[in-house]
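# Working through the structure, step by step
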Amino acid sequence: MEMKQLLNYLLFVMLGVLVASCQKDNIVLIDPIEIDDSEDLIANTVFTQTVGVAFSTNRNAVVTGTDEDFTVTISGNDVTIVYAGEEYVMYELSGTTNDGFFKLYSAKKQGITLNGVSIINPNGAAINVQGPTADPSKGKRTFIVLNGENTLADGTTYTDTPATEDEKAAMFGEGQFIFSGEGSLTVTATGKSGIVSDDYVHFMSGTITVNVSSSVTVNGSDTLKPACVRGKDYVKMTDGTLTLTSTGTGGKGISSDGNGYFYGGSVDVTVTGSNFGSSGGGGGHGGWGNNSSNGVSAKGLKFDGNLIFKGSHVVVNCTAHEGIEAKGTLSVSGGEVYSHSQSDDAINSGGNLTISGGLVCAYSQGNDGLDANGNCYIKGGAVYSISVSSPEVAIDANSEGGYQLYLTGGTLVAIGGLESGSSLTQSCYSASSWSQNTWYSLTFGSTTYAFKTPASGGTPLVVSGNASPTLQSNVNVAGGTECFEGMFYTDASVSGGNSVSLSSYTGGNGGGGGPGGGGHGPF
């Protein structure tokens, strides 16, 4: 694992150098190296042995199917298995316990089928997958197969955890977690995080719900930063359904030290917890900032690397901080991304932010809608960006650092205006006025969109597309494809309405000057 992490780190550093050297020259960087998923397909692994683990509320757990390669320890419904063999083993978990766990030490990759199992561990993780006993941190790939309805829950304290081992979540693994199957899993975390891998997490199918109420705690040099899902190397979504809720102080929906890949499936994230730490110093304009060593923010999606959306349906609602953040670059080429923040940027990138396709809605009630700390490129797709807090803007690039917003294509609706000094190759138009909580239609040739305005917002309302637009207010929406939590329709069918006059627009929100590029804190 150490060599892979070193290579990932070196790649990240090189990408950072490329970002620094290329952004000002308006060079569009390519996506990070694509990941070979062939080894994540469970069909490509042959499991030659099956071990059954049956939990019970009124007797000891029962383990079947083991041989001399297994060391099994059972204490009530606390089950620990040490595997020293060379086969690929599938562990099938079933039954119910309100006081137990499943812990596995293995040097080989393996599978765990959750077969209608319910495990509550009041003293630690419900499932804990370690590496070999000689070095538990050398974890391997674990396939998690969902069959039927399954539940896992941790306790508020982790007294079952040996001092020499990690145990960071209700479902924790030193190696990779790959989820598949047609069943469901509900994880409830009150002590730490929900699902954590110290390698990567890949969702390939299944219905997964994670509820985390844990809050940030500081114990000496160790700071607990709870998240519904955390993959240290990266998190990838190719299919399935994720519903994530974090209510604790400083909690996050999905977090990673590396990249995020959203290529399919559905993700719904709600983060209602407050930020942890004092609110002084740094952190960008208009938002909750903190440069202290223990400051932790409550964000929806937070990736220290790059963030790529190609096909997932993503909904994020965040109360206290940014809805979606990538410390590196952020790109959208497909799928649907909706992010709503009550307090800060809806979508923020530490480097370039590129939208070349798909559907994007960035709705901020406390800062910018879309905020790039490098260049912001809008080349295609449909973008609805809202900034309620003047003098912030709907779409912001780091002009203070010499960067710009580049609009060359796509369909755009921006309430709150665009960054001053933007490069607008595609013509933009501003409405003479706009009304709150009102349905509008926007037509380019034979294509019509419909959007509902928020209860408040900055000025102006800016629109842009591939032809001269027609804008109407107070329309009735009769049909189309609903997007952005009901705020937007593509291929809209509308009737009625009043014509809104439009004038040419070149950038700036008209509210005392654009705010320039936004920074973000170290957390």
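Position labels on residues start from 1 in each chain and follow its written sequence. For this predicted model, a pLDDT threshold of at least 70 governs which residues receive local features, and a threshold of 80 or more governs which side-chain atom pairs are given and counted, while totals over whole chains, interfaces and linings are taken from all residues. With hydrogens and water stripped out, all remaining heavy atoms of the structure feed into the side-chain values.

## Here we look at the overall build of the chain
If you tally the helices and strands in the chain, you get 1 helix and 50 strands. Remark: exposure states derive from per-residue accessible area (1.4 Å probe, protein chains only) relative to the maximum for the residue type, with buried under 20%, exposed over 50%, and partly exposed in between. Counting all 523 residues of the chain, 56% fall into the buried class. Contacts were defined at the residue level, with two residues in contact if any of their heavy atoms lie within 4.5 Å. Nonlocal contacts in the chain, meaning residues at least 24 apart in sequence, comprise 64% of its contacts between residues at least 6 apart. The helix count covers DSSP runs of H or I at least four residues long, the strand count covers runs of E at least two residues long, and both are numbered beginning at the N terminus.

## Things to note about the pattern of salt bridges
Definition used for salt bridges: Asp or Glu carboxyl oxygen within 4 Å of a side-chain nitrogen of Lys or Arg. In total, this model carries 12 salt bridges according to the counting rule given. The residue Lys-168 makes a salt bridge to Asp-166 at a minimum N-O spacing of 3.9 Å. Among the salt bridges present, the one from Glu-325 reaches Lys-327, with a minimum N-O distance of 3.4 Å. On the accessibility criterion, Glu-325 (0% relative accessible area) is buried. For Lys-327, a relative accessible area of 21% translates into the label partly exposed. Taken together, the shared-partner salt bridges in this structure form one network comprising Lys-299, Glu-322, Glu-325 and Lys-327.

## A short note on the side chain of Asp-40
Mapped onto the secondary structure, Asp-40 falls in the loop between helix H1 (2-22) and strand E1 (49-55). Of the residues examined, Asp-40 reaches a relative accessible area of 2% and is grouped as buried.

## Here we look at the nonpolar core
Membership of the largest hydrophobic core comes to 83 residues, with the highest contact counts inside it found for Tyr-91, Leu-93 and Phe-102. Contact partners of Leu-93, with chain neighbours within four places excluded, come to Val-53, Phe-55, Phe-102, Ile-112, Thr-113, Leu-114, Asn-115, Val-117, Ile-119 and Ile-127. If you look at the next biggest cluster of nonpolar residues, it comprises 26 residues, including Val-315, Val-388, Val-463 and Phe-484. Nonpolar cores are built from buried Ala, Val, Leu, Ile, Met, Phe, Trp, Tyr and Cys residues. Side-chain atoms within 4.5 Å join them into one set.

## With respect to the sheet that holds strand E44 (residues 447-452)
Where strands meet in a sheet, backbone hydrogen bonds hold them as pairs that are either parallel or antiparallel. The sheet built from 6 strands is open, its strands ordered E47-E48-E44-E43-E46-E49 with antiparallel pairing. For this open sheet the edge positions go to strand E47 (476-483) and strand E49 (498-500), each flanked by a neighbour on one side alone. Adjacent strand axes in the sheet meet at a mean angle of 35 degrees, parallel and antiparallel pairs treated alike. Both strand E43 (residues 439-444) and E44 contribute to a ladder of 6 bridges, which runs antiparallel. One bridge is not enough; two strands pair if DSSP finds at least two bridges between them. Every axis corresponds to a line fitted to the C-alpha atoms, with the helix fit spanning only the stretch in contact, and the corresponding angles, defined between N-to-C directions, vary from 0 to 180 degrees.

## What to know about the packing of aromatic side chains
What counts as a ring pair is set by centres within 6.5 Å for rings of Phe, Tyr and Trp (its six-membered ring), and what kind of pair is set by the plane angle: stacked under 30 degrees, edge-to-face over 60, tilted for all other angles. In total, this model carries 18 aromatic pairs according to the counting rule given. Through a chain of ring-to-ring contacts, three or more aromatic side chains come together here, namely Tyr-384, Tyr-440, Tyr-449, Phe-451, Phe-484 and Phe-488. Just above the ring of Tyr-158 sits the side chain of Lys-192; from NZ or CZ to the centre is 4.5 Å. In this arrangement the basic side chain of Lys-236 is found over the ring face of Tyr-261, its NZ or CZ atom lying 5.9 Å from the centre. Any Lys NZ or Arg CZ that is within 6 Å of a ring centre and within 35 degrees of that ring's normal is treated as a charge sitting over the ring.

## Some words on unusual backbone geometry
Between Thr-459 and the following residue, Pro-460, the backbone shows a cis peptide bond with an omega angle of 0 degrees. At Asn-474, a position not held by glycine, the phi torsion is positive, near 55 degrees. Structurally, the position occupied by Asn-474 is in the loop between strand E46 (469-473) and E47.

## A short note on the confidence of the model for the chain
The pLDDT averaged across the chain works out to 89; a share of 87% of its residues lies at or above 70. Note that residues 9-31 has pLDDT below 50 and, in this model, 29 contacts with residues that lie over four places away or in other chains. Each residue carries a pLDDT value, the predictor's own confidence for that position, ranging from 0 to 100. Counting contacts from residues 510-523, a segment whose pLDDT is below 50, to residues more than four positions away or on other chains yields 59 contacts.

## Focus on the pairing of strand E22 (residues 241-246)
Regular strands have side chains that alternate between both faces of the sheet. Residues Leu-242, Leu-244 and Ser-246 point to one face of E22 and are all buried, whereas Thr-241, Thr-243 and Thr-245, pointing to the other face, are not buried. Pairing of strand E17 (residues 207-212) with E22, which is carried by 6 bridges, proceeds in the parallel orientation. When the bridges of E22 are listed, Asn-211 appears paired with Thr-245. With 6 bridges connecting them, E22 and strand E25 (residues 266-271) associate as parallel partners. Its bridge partner lying in E25, Leu-242 is registered against Val-267.

## Description of the pairing of strand E21 (residues 234-237)
Burial along E21 is two-sided: Tyr-234 and Lys-236 and Val-235 and Met-237, pointing in opposite directions, are all buried. When strand E16 (residues 200-203) meets E21, the two strands line up parallel, connected through 4 bridges. In the strand pairing of E21, His-202 is matched with Lys-236. Looking at chain direction, E21 and strand E24 (residues 259-262) are connected through 4 bridges and run parallel. By the bridge assignment for E24, Lys-236 is matched with Tyr-261.

## Let's talk about the environment of Leu-242
Examined against the element boundaries, Leu-242 turns out to sit in strand E22. Residue classification places Leu-242 among the buried residues on the basis of a relative accessible area of 1%. Residues contacting Leu-242, with those up to four places away along its chain left out, are Phe-203, Ile-208, Met-237, Ile-254, Ser-266, Val-267 and Asp-268.

## A closer look at the side chain of Ser-341
Looking at the secondary structure, you find Ser-341 in strand E31 (residues 336-341). Judged by its relative accessible area of 0%, Ser-341 is buried. Here a polar contact means two N or O atoms within 3.5 Å. Within protein one must be a hydrogen donor candidate and the other an acceptor candidate, and residues neighboring in sequence count only if both atoms are side-chain atoms. Within the structure, Ser-341 has its side chain in polar contact with the backbone nitrogen of Ser-343 (distance 3.2 Å). When near neighbours in sequence (up to four residues on either side) are disregarded, Ser-341 contacts Cys-318, His-321, Glu-322, Gly-323, Ala-346, Tyr-363, Ser-364, Gln-365 and Gly-366.

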